[in-house]
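Close look at the chain arrangement
Residue strings, one per chain:
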Amino acid sequence: MTTAAPGRHRLVARLGVLGGGLGLVAGVIQASVGSRIPEWTGNKADPVPLGLLTIALSLLAIVMALWQRRSGPATAARGAAALALLVPGLLCFTTVGRLWFLPAALLLPAAAMAVDDWRGTAAAVGRNWSRCLLAALGAIELLMAAGATPLLMIVASVGGLALITAAWLPGPSRPTLVGLLVVGTVPFAVLAWTAIVPVLLLVVTAGIAAPLIPRSGPGESVVGHGDLLGVR
Amino acid sequence: MPRSVLTADPVPPTLPPADPSAVSGPHQPVSRRSIIRALGLGAATVLVAGTGLLGYRVYDTAVLKPGSGAAYDPWQQWREDLGPLGAVAAAILAANPHNTQPWIFAVAVTTIDVYADPTRTIGTIDPFLREQHVGLGCALENLVLACRARSLEPDVELLPDPRDETWVARLTLVPSAATADDRYEAIGSRHTDRGPYDTREVLQEDLAQLVDTAELTGADVHWVTRPTDVAAMGELLVDAAAAVIADEDQSRDGFAWFRGSDDEVQLNADGLTLDAQGLSPLLLSAAKLLPASSRSAGDAFWVDQTRDVHTKTAKAYGVIVVAGPDDRAVQLTAGRLLQRIHLTATSRGISLQHMNQITERIDREQVTGAPASFGPRFAEFLPPEVAPLVTFRVGYPTQAVRPSPRRALAAVIA
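What counts and how
Residues numbered from 1 in each chain as written. Chains lettered and ligands numbered in written order. Predicted model: local features only at pLDDT ≥ 70, side-chain atom pairs only at ≥ 80, totals over all residues. Heavy atoms only, no water. Helix = DSSP H or I, 4+ residues; strand = E, 2+ residues; numbered from the N terminus. Rg over C-alpha atoms; globule rule 2.2 N^0.38 Å. Buried < 20%, exposed > 50% of the residue type's maximum accessible area, 1.4 Å probe, protein only. Contact = heavy atoms within 4.5 Å. Areas by Shrake-Rupley, 256 points an atom, 1.4 Å probe, with all protein chains shown as cover. Lys, Arg positive; Asp, Glu negative; His and termini not counted. Charge placed at Lys NZ, Arg CZ, Asp CG, Glu CD. Pairing = 2+ DSSP bridges. Axes fitted to C-alpha atoms, helices over the stretch in contact; angles between N-to-C directions. pLDDT = per-residue confidence, 0-100. Phe/Tyr/Trp six-rings, centres within 6.5 Å; stacked < 30°, edge-to-face > 60°. Lys NZ or Arg CZ within 6 Å of the ring centre and 35° of its normal. Polar contact = N/O pair within 3.5 Å; in protein donor to acceptor, adjacent residues only side chain to side chain.

Attention now moves to the overall build of chain B. Each helix and strand counted, chain B has 15 helices and 10 strands in total. Relative to the 2.2 N^0.38 estimate, which gives 22 Å for 414 residues, the radius of gyration of chain B is 27 Å and therefore markedly larger than a compact globule would have. Among the 414 residues that make up chain B, the fraction classed as buried is 51%. If you take every contact in chain B between residues at least 6 apart in sequence, the share linking residues at least 24 apart comes to 77%. Looking at chain B as shown, the accessible area adds up to about 17800 Å², and 58% of this sits on carbon and sulfur atoms. Mean positive and mean negative side-chain charge positions of chain B (36 and 50 charges, respectively) differ by 8 Å.

Right under this line is the structure:
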C-alpha cells in the first residue's frame, strides 16, 4: 500500500456511499412508481421486486464502501470490497434502467480505486476461485428468486444467501458448512424440481463445495483446507 | 482461531506461494497437479457459467411463476366491478383467434357498444375476418352472461350501423333480477386446453348437453364422434397444419403473435405463449430454458403437437356449421354458440381446444386461387347445405390448464 492509499480509500468510501445512496433512491423509485415512468426505469414487468433488489444491492455497496476504509491493506479484503461495489454497479443497469446511470458513474470508479494491488488481487481471486464460484451460484439462486412465486422467492432468497455465506464465512465448522449448503440448495431443488435448474444448481454446488468441507471433526476451520478439488 | 478469508491473505502476494504447484512461474515445470487443478477450475467455471445462463432464462421466461403477473390479473379481477364495466371485464376473457383480443368496448350508463379492432388481426390466416368475428361473438356471449349476473338484462342488437363495419353490437341494459348461470361461473376458469386428453370417451349425451342454441339462430354444431371419422379428421387437421406452416405468409402472420419471453408477455398481454401450450411442467420448463424459438422451430413444434398430442388424444370434434359463413351476424352468433359450448364444457370438466387450420386453409386457397383441396375433404365429414366456420376438439383433461395473458380493461375501453 502506498502512502496515498488512505486518501484514496476515503475517496472510495465517499463515492461508494454517494453512489449507493443514489442507488437506494433509484430502487425506491422503481419499487414505488417504476411502472408509471417506464422510459426511465427500463420498462420492467416486475418493478417492485427489482426495486427491492436494487435497494439491497445499494445497501451492500454502501456497507462495503464504508467497511473498506477500516479493512486495512489485505488484498483479499480490498478485492472483496471492490467486488461488492462492482457487482451492484453493473447488475443494477438491468434492474432500474436509466435511473442507474448516475449511481454507476460513481460506483464503478470506486470499485476500480478500491483495489490497491491488482496482481495480488488476481492471485487472491485465483486462490479462492472455488469460493467465488460458490458465491456466484448463490447469486444465481437470488436471481431466480427475483422471478419466482412468493414461497419460492423466500426459499430461493434464503438459499442464495446461505450459499454466499457458506462461501465466505470465516472458518465454519463441518456441520455449519454442510448445513448452509443443504439449506442453500435442497429445499429449492425439492420445491422447484420441475424447473430443472434448481436441481442442476444442487448438483453443481455439491461438486464445487465438496472439497471445501473439512474432512475431520466439527470445529475445524475451512481456511487451511484445500481449494477446488482439494488441491492448492 | 481461524483466520478470516476477507481480512488476511493466506499467501502474501510478494512471497512465493506456499505450494509451488499453485502458481507455475516461468522457471517452474508444469506439474500434473497444476494441470489437473487448472482443468478442474476450468470445468467448474464452465458449469457455473452454464448454470448462470440457465438461471437467467429461468428469470427471463418466468419458469418459477407461470401464468402470473399483471398480464394475467384480469383472470382474477373479473368479478370485482358489479356494474357494466365489470361485465366488460368478463367479456375480455372470451375465446378469440390467436389471443389477438380484437375488441374495443364503449361503456355508457345504459348501453355497451362492442367494436372490432381492425388493427388486431391474424392477416392471411383469417383473410375474411371470420375468426375475428367469431371471437367477437364469444366476447358478446360473456358480456351477456355477465350483465345478467349483474342484474342487467341486455337487449342485443347485432351490427347496429351498416355503414360502420367495426361496430358489431350494441347491448341496451335494463335493470332486472340477477340470474345464476353455471356458464357465468365458468368464465374465469375457461381456457383452451392444448394438452393431451385422457382415454375416457365423451359420451354422445354429454356432447348434446354442451349445446344450447336458445336465442341463437343460424348456427349449429356438428359432432364428429365415430372413431374412424375422428382418426380421419385428425389426419386432415395435421395436413392442414403442415400446409399452414408451408405457406410463408400464413407462417409469418401466425408467428407474429407468439410471445417468447415473460417481458413480451407482460408488455403485450396478448398472443400465444408457451405457458398455454398444454405442456407438462417439466417439458414446459425445458422449452422455456432453450433459446427463444425461431419461426421454423415453432412451426415444426405445432405440427408435431397436432400430430402427436392434439389429434392423437382427441375424443371427438365439434364443428360450428352455418348456412351463410360470410354473414357477419351469423359469424357473431356462431361465436356466441362456441363460447356457450366452451363454458358449459368447462363447468362439466370437459376440455376443449380450438383447431381452425382446416378452414384457414380453405380460405387461403380461395384467396390465392389455388385448387380447393381442403374444402372437399372437410365436406365429407359435414352435413350437406352447411359450411364449416370453426372447429374444436373435446376430451377429458390430464393436467391443469394455464391461462393466456389478457390486456387490462383500460386498454380495451374506448
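More follows now that the structure is in view.
Turning to the environment of arginine 194 of chain B, a few remarks are in order. Residues and elements named next belong to chain B. Relative to the assigned elements, arginine 194 resides in the loop between helix 5 (182-185) and helix 6 (204-209). By relative accessible area, which is 18% here, arginine 194 ends up buried. Once residues lying within four places of it in the same chain are set aside, the contact partners of arginine 194 are Leu272, Ala276, Gln277, Gly278, Val309, His310, Gln353 and Arg393.

Residue and element names in this part refer to chain B. Pairing is antiparallel in the open sheet, where 4 strands are placed in the order 1-2-4-3. Unpaired on one side and paired on the other, strand 1 (103-107) and strand 3 (152-158) mark the two borders of the sheet. For this sheet, the mean inter-axis angle between neighbouring strands, taken without regard to orientation, is 20°. Pairing analysis gives 5 bridges linking strand 2 (residues 111-116) to strand 4 (residues 167-175), with the strands arranged antiparallel. Of the residues in strand 4, the one forming a bridge with aspartate 113 is arginine 170. In this fold helix 3 (residues 84-91) packs onto strand 1, strand 2, strand 3 and strand 4, with an angle of close to 170° to the strand it touches most, strand 1. Sitting on the sheet, helix 4 (residues 130-149) is in contact with strand 1, strand 2, strand 3 and strand 4, with an inclination near 155° to strand 3.

In this section: the confidence of the model for chain A. Residue and element names in this part refer to chain A. The share of residues in chain A with pLDDT of 70 or more is 90%, and the mean pLDDT across the chain is 86. Here helix 7 (residues 118-127) is the element of chain A with the lowest mean pLDDT, 85, and helix 6 (residues 101-114) is the one with the highest, 96. A low-confidence stretch, residues 218-232 (pLDDT under 50), is modelled with 56 contacts involving residues beyond four sequence positions or located in other chains.

Time to look at the packing of aromatic side chains. Residue and element names in this part refer to chain B. Evaluation of the coordinates by the stated rule reveals 6 aromatic pairs over all chains. Plain terms: the ring middles of tryptophan 223 and phenylalanine 392 are 5.6 Å apart, the flat faces sit at 90° to each other, and that makes the pair edge-to-face. Taken as a pair, tryptophan 223 in strand 5 (residues 219-224) and phenylalanine 392 in strand 10 (residues 387-395) lie far apart in primary sequence, 169 residues in all. For the residue pair tryptophan 223 and phenylalanine 392, the accessibility class agrees, reading buried in each case. Where phenylalanine 255 meets phenylalanine 258, the ring centres are 5.8 Å apart and the plane angle is 20°; that geometry is what we call stacked. The ring of tyrosine 396 carries the charged tip of arginine 200 above its face, separated from the ring centre by 4.1 Å. Across the ring face of tyrosine 197, the terminal group of arginine 393 is positioned such that the distance to the ring centre comes to 3.7 Å.

What follows is about the side chain of arginine 130 of chain B. Residue and element names in this part refer to chain B. One can find arginine 130 in helix 4. Given the relative accessible area of 10%, arginine 130 is considered buried. Here the side chain of arginine 130 touches aspartate 363 through a polar contact of 2.3 Å, side chain to side chain. With near-sequence residues (within four places) excluded, arginine 130 lies in contact with Pro325, Asp326, Arg328, Gln331, Asp363 and Leu389.

Our next topic: the sheet that holds strand 5 of chain B. Hydrogen bonds between backbone atoms are what pair the strands of a sheet, whose relative direction is either parallel or antiparallel. Residues and elements named next belong to chain B. Across the sheet, 4 strands lie side by side as 5-8-10-9; this open sheet has antiparallel pairing. Bordering the open sheet on either side are strand 5 and strand 9 (351-354), each of which pairs with just one other strand. Taking each pair of neighbouring strands and ignoring which way they run, the sheet shows an average axis angle of 30°. Against the sheet, helix 12 (residues 328-347) engages strand 5, strand 8 (316-322), strand 9 and strand 10, with an angle of about 50° to strand 5.

Residues and elements named next belong to chain A. By the element assignment, alanine 31 lies in helix 1 (residues 5-33). In sequence terms alanine 31 and proline 49 are 18 residues apart; their C-alpha atoms lie 6.9 Å from each other. Discounting chain neighbours no more than four positions away, the residues touching alanine 31 are Pro47, Val48, Gly51 and Leu52.

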